[in-house]
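Letter by letter, the chains look like this.
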Amino acid sequence: MLHDVAWASGRKPPRLCLSSFALVVIAALLSLSFGEMAIISCRVKNNDDSVIQLLNPNRQTIYFRDVRPLKDVRFQLVNFSDNELRVSLSNVSLSDEGRYVCQLYTDPPQEAYADITVLIPPGNPIIEARDEVLSEGNETEMTCTAMSSKPAATIRWMKGDKELPGRSAPVELTYDKMYTVTSRLKFTVSKEDDGVPVACIVDHPAVKDFQAQKYLEVQYKPEVKILVEFPQGLTREGENLELNCQAKGKPQPQRVNWVKVDDDVPSHAVITGGDLYIENLNKSYNGTYRCVASNTVGESFDDYILYVYDSRAGEGAPRTVDHAVIGGVVAVVVFAMLCLLIVLGRYFARHKGTYFTHEAKGADDAADADTAIINAEGGHTNSDEKKEYYI
């Protein structure tokens, strides 16, 4: 890979105006990975045959015009003219770091600089686990180390597709000015972590996607589930019962047992591995039947509650009533009654009722109340009608 030395973004090359010519030296900060190639270019505008030369960080002359006084053959002339001196440096190493000088022989001499930094990628990351085999619920610790890099690398942790926070140890600087970094990760495992990869990812400007990983092996106690093979509906007297116990764990369960809680399993029950078979059920068999499975990690169980019904249970059951239909009928009846009440109310409101009271008969011709009553009893015919309205 070739790298031209150029001004960093935002910087302008120095320009010196000396009567009829000007020096323009292109230089910059350049970061190279170990073993790559760099190109250093010194350019002059309007040169009047002044000499251009390139110096190394120790101020030794690499090229004087097109002549190479330095014996290092890794420096090669790419181009030489009155306006440019371009030199390549192949297979860069850590010893090549420093400031290179483009110099124009004028009075006084003019200089510009190129700073080269060499990146050293770390060696393959080393991941170590405290425990090779884990049990669910336990805590484990992993360590990842990236050695001999420049600059120091950074380390991230991933468990599956989830990033976990690690704890970095102090960076170590070795005698050859290399850096070693170490990160530690602690976490608690579950049965879902079995077979999941844990990756140590190393970030460094000289390398990409640099990682090491380790797969978790997690042991867990059995998961137990009881399935009813027969019957599919109610368990009735005289019928048979067949249960199947399924148990899965890591390692696989070593034992699967059937017990009856607070009682003994019927003497004629047949137990074959995880299967329980009972013939000719009766109500004395009612109770809780438990399947228990165990391995080196622990023990688990599942329960089945048996209730034996009469032999004719569930037969001739009354037909189910459609509650929606009943609700609809009731709604129609209530609506009809409301309509009838409204019609009757409007009818009576329009028809007045007329009748006589005893007090009204002859009351106008009577001197007092007693006389009014006597006149009323006598059938006084001249009394006015009093009208009342009713609904």
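The chain carries the name Cell adhesion molecule 1 in an unreviewed UniProt entry, which gives Gasterosteus aculeatus aculeatus as its organism. UniProt annotates the chain under Sequence similarities (unreviewed entry) with the comment "Belongs to the nectin family."

## Digging into the overall build of the chain
Summing up its helical and strand segments, the chain has two helices and 28 strands in all. The proportion of buried residues among the 391 residues of the chain is 35%. Long-range contacts, defined as pairs at least 24 residues apart, comprise 60% of the intrachain contacts of the chain with a sequence gap of at least 6. Carbon and sulfur atoms make up 52% of the accessible area of the chain, which totals about 24100 Å².

## Things to note about a nonpolar patch on the surface
Taken together, Ile326, Val330, Val334, Leu338 and Leu341 make up a surface patch of nonpolar side chains, about 460 Å² in accessible area. Relative to the assigned elements, leucine 341 resides in helix α1 (residues 323-349).

## Some remarks on the pattern of salt bridges
Counted under the stated rule, the structure contains 17 salt bridges. The residue arginine 236 makes a salt bridge to glutamate 239 at a minimum N-O spacing of 3.5 Å. In this structure glutamate 239 comes out as partly exposed when scored by relative accessible area, which is 24%. Through salt bridges with shared partners, one network takes in Arg43, Glu84 and Arg86.

## Description of the state of the cysteines
Enumeration according to the criterion identifies three disulfides in this entry. Here cysteine 42 connects covalently by a disulfide to cysteine 102, the sulfurs 1.8 Å from one another. With the S-S dihedral at roughly -70 degrees, the linkage between cysteine 42 and cysteine 102 falls on the left-handed side. Taken together, the positions of cysteine 42 in strand β5 (residues 37-45) and cysteine 102 in strand β10 (residues 98-104) put the pair 60 residues apart, joining distant regions of the chain. Take cysteine 42 and cysteine 102: they sit in the same class, and that class is buried. Paired through a disulfide, cysteine 144 and cysteine 200 show a sulfur-sulfur distance of 1.7 Å. Across the S-S bond linking cysteine 144 and cysteine 200, the dihedral sits near -55 degrees, which makes this disulfide left-handed. You can see cysteine 144 sitting in strand β14 (residues 139-149) and its partner cysteine 200 sitting in strand β20 (residues 197-204), a full 56 residues away along the chain.

## What to know about the sheet that holds strand β21 (residues 207-215)
One open sheet accounts for four strands, arranged β16-β15-β20-β21; its pairing is antiparallel. Edge positions in the sheet fall to β16 (162-164) and β21, since each has one partner strand and no second. Strand-to-strand twist of the sheet, defined as the mean angle between neighbouring strand axes without regard to direction, takes the value 30 degrees. Relative to β20, strand β15 (residues 154-159) runs antiparallel, the two sharing six bridges. Across the sheet, lysine 159 pairs through a bridge with valine 198, a residue of β20.

Quick notes on the rules
Residues numbered from 1 in each chain as written. Predicted model: local features only at pLDDT ≥ 70, side-chain atom pairs only at ≥ 80, totals over all residues. Heavy atoms only, no water. UniProt positions renumbered as here; feature names shortened; annotations may be inferred. Helix = DSSP H or I, 4+ residues; strand = E, 2+ residues; numbered from the N terminus. Buried < 20%, exposed > 50% of the residue type's maximum accessible area, 1.4 Å probe, protein only. Contact = heavy atoms within 4.5 Å. Areas by Shrake-Rupley, 256 points an atom, 1.4 Å probe, with all protein chains shown as cover. Patch = residues over 30% accessible without salt bridge, like charges linked within 9 Å, V, L, I, M, F, W, Y side chains within 5 Å. Salt bridge = Lys/Arg side-chain N within 4 Å of Asp/Glu carboxyl O. Disulfide = S-S within 2.5 Å. Pairing = 2+ DSSP bridges. Axes fitted to C-alpha atoms, helices over the stretch in contact; angles between N-to-C directions.

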